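Structural description and commentary
Below, each chain spelled out in residue letters.
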Amino acid sequence: MTELALRHDAVNLGQGFPDSDGPAAMLEVARDAITHNFNQYPPARGLPALRQAIARDRARIGLDYDPDTEMLVTVGASEALSAAILGLVEPDQEVVLIEPYFDVYAAAIAMAGARRRTARLVSDGDGFTLDIDSLRGAITPATRMIVVNTPHNPTGAVLNRATLLAIAEIACDKDLLVLSDEVYEHLAFDGVDHISLATLPGMRERTIVVSSAGKRFSVTGWKIGWACAPRPLIDAVLAAKQFLTFAGGGPFQQAVAYALDDERDWVTHWRDELAIKRDLLSKALEEAGFGVRHGAGTFYLCADVAPLGEPDALSFCRTMPRRIGVAAVPVHVFADDPAPWKTLVRFTFCKRDATLAEAARRLKQPS
């Protein structure tokens, strides 16, 4: 879709990266680190200053992690997710995903020689929630891990406490590991609270929590992520990670360590700004005739093309850059069972207001 956007000079609302930078002082810390010789390998587990800052960040939500033994800095959240699956899942074991799902999960499961099974999100009013029965039905004696992503890419759903407690009950009852992808943890809107699975009863000892700086501080190109878990689990993640990249982004690690402590107000402002951008795009899509679904968090909003008389989101998205001058992504490419998602399109709104205004103008014009 990005290639089509470039070919037709379309506004790219398909790929989820901001077109503005994070806090200026954080960028200056990175520049200073480059100037003052932070350009060689950092420790494999990550710079101590960053691990300590992550520990303080976790403590703010009531989670106590030892920065020396229960934490690992990775090359983005994607590496943390992949290393967790590679390090903790054996060939022929099963991993349960909740579809639609971020495509890195399936690739990591395949590399581990494991098998994937899926539960599903379902409509809940104008938003989405987890079908708990589908999760129970996906568990077999071969299941090793459940992967949970909230706030959720691609739908923008934020799972509530009752749903997370149900997941926790299943994980504890079946003695399963949980890989909790929380990269959008600070980007939940409208007063909705993100709840980390590791804070729930019985979950800290079986949960690998993954997050990153990219979405939180609008520096997706820095690729600074992390995983937090009890020592036996984090050691297994490290065993895989050290042969993927060993370490990365020393100057950026230094800058993120600063930002986790000192740029929390910036993150609050970024969250509130994103909520406004979501509303701007939602209104434009509604006025263009799309059936807009509610997004409670992340960078993404889903819209239904069926009210436009379009039966297939993939075909719609392939022609939209040429016809309308806007690019987006069909949701069903994120699912094993495409049928429930066949007419839904994912748009990103993490762009400058001028970019969104131009997309709105194009969406409202006859195609």
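- In the nomenclature of an unreviewed UniProt entry, the chain corresponds to N-succinyldiaminopimelate aminotransferase from the organism Nocardia pseudobrasiliensis.
- The heading Sequence similarities (unreviewed entry) in the UniProt record of the chain holds the text "Belongs to the class-I pyridoxal-phosphate-dependent aminotransferase family."
- UniProt, in its Cofactor (unreviewed entry) section for the chain, records the words "pyridoxal 5'-phosphate".

**Topic: the packing of helix 4 (residues 76-88) against helix 8 (residues 231-241)**
- In contact at an axis separation of 7 Å, helix 4 and helix 8 are set at 105° when each is read in the N-to-C sense. With respect to their mutual orientation, helix 4 and helix 8 come out roughly perpendicular. Between helix 4 and helix 8, the residues in contact are Glu-79, Ala-80, Ala-83, Ala-84, Leu-86, Gly-87 and Leu-88 and Leu-233, Ala-236, Val-237, Ala-240 and Lys-241, respectively.
- For the contact of helix 4 with helix 8, the per-class residue count stands at nine nonpolar, one polar and two charged.

**Some words on the domain arrangement of the chain**
- Taken domain by domain, the chain comprises domain 1 (1-21 + 265-364) and domain 2 (24-262).
- Taking only C-alpha atoms, the centre of domain 1 and the centre of domain 2 are 25 Å apart.
- The junction of domain 1 with domain 2 conceals about 2700 Å² of combined surface from both sides, 60% of it contributed by carbon and sulfur atoms.
- Taken together, domain 1 and domain 2 are joined by two salt bridges.
- Residue Asp-190 is joined to Arg-278 by a salt bridge in which the shortest nitrogen-to-oxygen separation is 2.8 Å.
- The interface formed by domain 1 and domain 2 contains 18 residue pairs in polar contact (both at pLDDT 80 or more).
- Only helix 10 (264-287), strand 11 (300-304) and strand 14 (344-348) provide two or more residues apiece to the side of domain 1 that touches domain 2.
- Here the side of domain 1 that touches domain 2 gets seven residues from one element, more than from any other, and that element is helix 10.
- Along the lines of polarity and charge, the residues of the side of domain 1 that touches domain 2 split into 17 nonpolar, six polar and seven charged.

**Details of the packing of aromatic side chains**
- Under the definition given, this model contains twelve aromatic pairs.
- Between the aromatic rings of Phe-102 and Tyr-105, the centroid separation amounts to 5.8 Å while the plane-to-plane angle is 85°, which identifies the pairing as edge-to-face.
- For Phe-102, a relative accessible area of 22% corresponds to the partly exposed category.
- Between Phe-290 and Phe-347, the ring centres sit 5.7 Å apart and the planes meet at 90°, which makes this aromatic pair edge-to-face. Taken together, the residues span a long stretch of sequence, with Phe-290 in the loop between helix 10 and strand 10 (291-292) and Phe-347 in strand 14 at a distance of 57 residues. Assigned by exposure class, Phe-290 and Phe-347 land together as buried.
- Members of the aromatic cluster, each reached through a chain of ring pairs, are Tyr-184, Trp-266, Trp-270, Phe-299 and Tyr-300.
- Over the face of the ring belonging to Tyr-300 we find Arg-346, whose NZ or CZ atom lies 3.9 Å from the ring centre.
- Above the ring of Phe-17, the side-chain terminus of Lys-351 is found at 3.9 Å from the ring centroid.

**Here's the deal with the side chain of Thr-298**
- Tracing the chain through its elements places Thr-298 in the loop between strand 10 and strand 11.
- The class for Thr-298 is buried, based on a relative accessible area of 0%.
- There is a polar contact of 3.1 Å between the side chain of Thr-298 and the backbone nitrogen of Tyr-300.
- Sequence-distant contacts of Thr-298, defined by excluding residues within four places in its chain, comprise Pro-151, His-152, Asn-153, Gly-156, Tyr-184, Leu-187, Phe-189 and Phe-349.

**Brief notes about helix 12 (residues 353-364)**
- Given a rise of 1.5 Å per residue, twelve residues ought to cover 16 Å, and the 16 Å separating the end C-alpha atoms of helix 12 matches this to within 8%.
- When we look at burial in helix 12, the residues that qualify are Leu-356, Ala-359, Ala-360, Arg-362 and Leu-363. What you see down the axis of helix 12 is that its buried residues fit within an arc of 165°, all on one side.
- Close packing links the buried residues of helix 12 with strand 1 (11-12), helix 10, strand 12 (326-327) and strand 14.

Thresholds applied
Residues numbered from 1 in each chain as written. Predicted model: local features only at pLDDT ≥ 70, side-chain atom pairs only at ≥ 80, totals over all residues. Heavy atoms only, no water. UniProt positions renumbered as here; feature names shortened; annotations may be inferred. Axes fitted to C-alpha atoms, helices over the stretch in contact; angles between N-to-C directions. Helix = DSSP H or I, 4+ residues; strand = E, 2+ residues; numbered from the N terminus. Parallel < 35°, antiparallel > 145°, perpendicular 65-115°, else oblique. Contact = heavy atoms within 4.5 Å. Nonpolar A, V, L, I, M, F, W, Y, C, P; charged D, E, K, R; others polar. Domains from an automatic or database assignment. Buried area = accessible area lost by both parts, 1.4 Å probe. Salt bridge = Lys/Arg side-chain N within 4 Å of Asp/Glu carboxyl O. Polar contact = N/O pair within 3.5 Å; in protein donor to acceptor, adjacent residues only side chain to side chain. Phe/Tyr/Trp six-rings, centres within 6.5 Å; stacked < 30°, edge-to-face > 60°. Buried < 20%, exposed > 50% of the residue type's maximum accessible area, 1.4 Å probe, protein only. Lys NZ or Arg CZ within 6 Å of the ring centre and 35° of its normal. Expected span 1.5 Å × (residues − 1). Arc of directions from axis to C-beta.

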